[in-house]
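Breakdown of the fold
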Amino acid sequence: MTSFDTISVIGAGAWGTALANASARAGRTVTLIGRDAATLDAMKRSGENPRLPGIKLDRTIKVTGSLADSAKAGILLLVTPAQSLRDAMTALAPHVADGTPVVICAKGIERGTHKFMTEIAAEILPQARPAILSGPSFASDVARGLPTAVTLAASEEKLAVALTHALGSASLRPYHTTDVRGVEIGGAVKNVLAIAAGIAAGKQLGASALAALTTRSFAELMRFGLACGARNETIAGLSGLGDLILTCSSPQSRNFAFGMALGRGEKFSPDVLSEGQFTAPVLLEIASEKKIEMPVAEAVAHVLGGAITVNEAIEMLLTRPFRAEG
């Protein structure tokens, strides 16, 4: 097996920078690769990413704009937005050696194709060994070295175990699994449901309503996960329930913050989008195809599509027929 002592992180945003810090903290030799020259220059000058002000980049991390440098690494962490993943993989493909683990750190479902992230990897990077990292983790917490637990999935259990040992440290604790699809589903679906939670907070519906909404959202996540082949314990674990709880409870989540703005009646800019906005219509299409009942996700998708107002969505959910819990 390839040595896992060297790691290249592709994507120098907040999450990529946080994972670069975490990898350096785990004792690895780390290269952080970005494409925005201004951000890279700022990081080289100040030792900080402008997206994570006040948090120092580990001084051992090499910052570069050259994708070719990734060819030297034993592990690649691909940290780009879900809808940009295909393009990022296409650019990366010539530099990926046979058998290199590519750990995808994006959460979403590709528009149009309905493909999950590792399915895109199988298509664009057939020479790689794909894995997925997800769970309740804010970039600022991970970058600072605050205690965080996540899930790392790969179809080969031996690889999943080896990757958790390569990336894990006293502050970042990865749990391994072979349930790749379950981990992907948790990360993608919770983004949509977090928008609903943000709307409830923005409308000041109260803590009781938010707790109820989060619980019913988890029921939807579980239904969707099981229908798509995920394991129950994965959906009830860190990458499912854990991530849902985090993103449904804090404005540090872009999806929750976006929902809060909607709940307050603020207009959103089409130039500033969260992953949940992209995933919502795709999720609704898949749920419809598989006949999965997801009223909260459906309400979010309809609000985002302009079919109903926020108030109409709330009324729609509150006037649903009474039923047994489940």
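This is a predicted model, so every value here is computed, not measured. (Residues numbered from 1 in each chain as written. Predicted model: local features only at pLDDT ≥ 70, side-chain atom pairs only at ≥ 80, totals over all residues. Heavy atoms only, no water.)

Right, let's get into the overall build of the chain. For the chain, the helix and strand inventory stands at 14 helices and 8 strands. Taken over the C-alpha trace, the chain has a radius of gyration of 19 Å; the compact-globule value for 326 residues is 20 Å, and the two agree within 12%. Along the first, second and third principal axes, the C-alpha set of the chain runs to 60 × 40 × 35 Å. Out of the 326 residues in the chain, the part that is buried amounts to 55%. Excluding contacts between residues fewer than 6 apart, the proportion of contacts in the chain whose partners are at least 24 apart in sequence is 70%. For the chain, the accessible area works out to roughly 14200 Å², and carbon and sulfur atoms hold 55% of it. Mean positive and mean negative side-chain charge positions of the chain (31 and 29 charges, respectively) differ by 4 Å. (Helix = DSSP H or I, 4+ residues; strand = E, 2+ residues; numbered from the N terminus. Rg over C-alpha atoms; globule rule 2.2 N^0.38 Å. Buried < 20%, exposed > 50% of the residue type's maximum accessible area, 1.4 Å probe, protein only. Contact = heavy atoms within 4.5 Å. Areas by Shrake-Rupley, 256 points an atom, 1.4 Å probe, with all protein chains shown as cover. Lys, Arg positive; Asp, Glu negative; His and termini not counted. Charge placed at Lys NZ, Arg CZ, Asp CG, Glu CD.)

This part takes up the sheet that holds strand E6 (residues 129-134). One open sheet accounts for 8 strands, arranged E3-E2-E1-E4-E5-E6-E7-E8; its pairing is mixed. Looking along the sheet, the strands with just one partner apiece sit at the ends: strand E3 (62-64) and strand E8 (172-177). Neighbour-to-neighbour, the strand axes of the sheet open up by a mean angle of 25°, direction not taken into account. As paired elements, strand E5 (residues 101-104) and E6 share 4 bridges and run parallel to each other. In the strand pairing of E6, Pro101 is matched with Arg129. In this fold helix H7 (residues 180-202) packs onto E6, strand E7 (148-154) and E8, with an angle of close to 40° to the strand it touches most, E6. Against the sheet, helix H10 (residues 238-247) contacts E6, E7 and E8, and its axis sits at roughly 145° relative to E7. (Pairing = 2+ DSSP bridges. Axes fitted to C-alpha atoms, helices over the stretch in contact; angles between N-to-C directions.)

The subject of this paragraph is the side chain of Ser171. Positionally, Ser171 belongs in the loop between helix H6 (157-167) and E8. Assessed through its relative accessible area of 12%, Ser171 is described here as buried. The contacts of Ser171, once residues within four sequence positions are left out, are Arg25, Gly145, Leu146, Pro147 and Thr148.

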